[in-house]
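Residue strings, one per chain:
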Amino acid sequence: MGDASTDGVRVRTRTLGDFRLHALDAGSQKLDGGAMFGVVPKPLWQKRIPADERNRIPLALRCLLVETRDALILIDTGVGNKENERFREIYGIENASRSGHGPTQLEDAIVKAGHSPDDVDIVIDTHLHFDHAGGNTHFDAEGHVKVSFPRAKYIVQQGERDFAHLRNERISASYLPHNFDPVEAAGQYRFVHGDSVVVPGVKVVPTPGHTPYHQSVVLESAGRTACYLADLVPTTAHLPLPWIMGYDVEPLVTLETKRGLLARAKREEWLLIFEHDPEMAWGHIEGDDARPVFVDETSPGEDVP
Ligand SMILES: [Zn+2]
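I will try to describe carefully the structure that is included in this document. (Residues numbered from 1 in each chain as written. Predicted model: local features only at pLDDT ≥ 70, side-chain atom pairs only at ≥ 80, totals over all residues. Heavy atoms only, no water.)

## As for the sheet that holds strand β16 (residues 282-286)
With mixed pairing, 7 strands are arranged side by side in an open sheet as β11-β12-β13-β14-β15-β16-β17. Of all strands in the sheet, those with a lone pairing partner are β11 (196-199) and β17 (293-296), marking the two edges. Adjacent strand axes in the sheet meet at a mean angle of 30°, parallel and antiparallel pairs treated alike. The sheet contact formed by β11 and strand β12 (residues 202-206) spans 3 bridges and is antiparallel. Across the sheet, Ser196 pairs through a bridge with Val204, a residue of β12. Helix α8 (residues 251-267) rests against β14 (224-228), β15 (271-273) and β16 of the sheet, and its axis sits at about 85° to β16. (Pairing = 2+ DSSP bridges. Helix = DSSP H or I, 4+ residues; strand = E, 2+ residues; numbered from the N terminus. Axes fitted to C-alpha atoms, helices over the stretch in contact; angles between N-to-C directions. Contact = heavy atoms within 4.5 Å.)

Following this line, the structure appears as structure tokens:
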């Protein structure tokens, strides 16, 4: 494991069997604490993540860059640079490029990890909400929308692609077409149906509930398994089964998806990777079933921006 923190952009690196994993700090956002914790009362959740004066809690935008023998894979792309000041203020978004490598802090982090956006072979979108797929594309200097990873195939579930185009009142604020329509127009999407092997050792698996076709990513190498959970379990505070986001469109489906996946993750000692946890990038579950304990494997000493 290693850390690098120059320019205030955090990249945490570790191995998983023969893979190298880089947890990329692509910025931060703030979302309403009540919406993030659904039916959980504030006196309980605020002990885990305290709210600001507008009841918002700080959340990471943590993407994962995976080096395998076969491909360089980026999982999720943060918020991007296409939203206006008012939008960024409401959601407390801070993701500007600090080193000049590129439209946002995501590109800074990719460079810090030793790669460039042009090196990315595959982008996996867990789903198409703006804080996961916003960096799929960017505004260039003239204000034209460009695909951010020009050589990459982008992978998303066909069902998520179709759901994002329903445009109904409950979901449309989360699905901004400029984050995904230009990728489709460029012919760069590969739409998948259910479990799908991306390259050997990297598989997308449906984890429905947050959205009906949300997917997580399971990584397996040399006997070690990791799972990038995305919005199935956005922070370590969401590990208890009933701690489910109010944003989820099918919360009872989320409940059963979590029950199955977390039981398997504990039994098989999976490394769990958290996209939105403000502090912890990764860890695993130990203890007896009645009292599971989360063990943080985030390396200390580099949390000062
Ligand atoms: Zn989401």
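## Here we look at the coordination of the zinc ion
Donor atoms from the polypeptide that coordinate the zinc ion comprise His127 (NE2), His129 (ND1), His210 (NE2) and Asp231 (OD), at 2.1 to 2.3 Å from the metal. Each of the 4 donor atoms around the zinc ion contributes to a set of angles spanning 85 to 173°, which defines the coordination as irregular. Its relative accessible area of 0% is what places His127 among the buried residues. (Donors = N, O, S within 2.8 Å, 3.2 Å for Na, K, Ca; no water. Tetrahedral: all angles 85-135°; square planar, octahedral: opposite > 155°, others 65-115°. Buried < 20%, exposed > 50% of the residue type's maximum accessible area, 1.4 Å probe, protein only.)

## Thoughts on unusual backbone geometry
Positive phi, normally seen in glycine, also occurs at Arg167, with a value near 60°. Relative to the helices and strands, Arg167 is located in the loop between α6 (158-164) and α7 (181-185). Within the chain, Ala230 stands out as a residue other than glycine whose phi angle is a positive 55°. Here Ala230 is to be found in the loop between β14 and α8. Ala230 gets classed as buried once you look at its relative accessible area, which sits at 0%.

## Quick word on the pattern of salt bridges
Taken as a whole and assessed by the stated rule, the structure comprises 12 salt bridges. The residue Glu67 makes a salt bridge to Arg20 at a minimum N-O spacing of 3.3 Å. Here Glu67 is found in strand β4 (residues 56-67), whereas its partner Arg20 is found in strand β3 (residues 19-32), with 47 residues between them in sequence. Of the charged contacts in the structure, one is a salt bridge between Asp140 and Lys146, with a shortest N-O distance of 2.7 Å. Judged by relative accessible area, which is 17%, Asp140 ranks as buried. You can call Lys146 partly exposed: its relative accessible area is 39%. One network of salt bridges, with partners in common, ties together Arg161, Asp162 and Glu184. (Salt bridge = Lys/Arg side-chain N within 4 Å of Asp/Glu carboxyl O.)

## Focus on the packing of aromatic side chains
Overall, the coordinates contain 10 aromatic pairs when judged by the stated rule. Seen in terms of ring centroids, Phe37 and Trp243 are 5.6 Å apart; in terms of plane orientation they differ by 85°. Their pairing is edge-to-face. Residue Phe37 is located in helix α1 (residues 33-37), and its partner Trp243 is located in the loop between β14 and α8; the two are separated by 206 residues in the primary sequence. When its relative accessible area of 15% is taken as the criterion, Trp243 is described as buried. Ring centres 5.0 Å apart and planes at 55° place the aromatic pair Tyr91 and Phe130 in the tilted group. Residue Tyr91 is located in the loop between α3 (85-90) and α4 (105-112), and its partner Phe130 is located in helix α5 (residues 130-133); the two are separated by 39 residues in the primary sequence. For Tyr91, a relative accessible area of 21% corresponds to the partly exposed category. (Phe/Tyr/Trp six-rings, centres within 6.5 Å; stacked < 30°, edge-to-face > 60°.)

Note that all results are geometric; they support no functional claim without further evidence.
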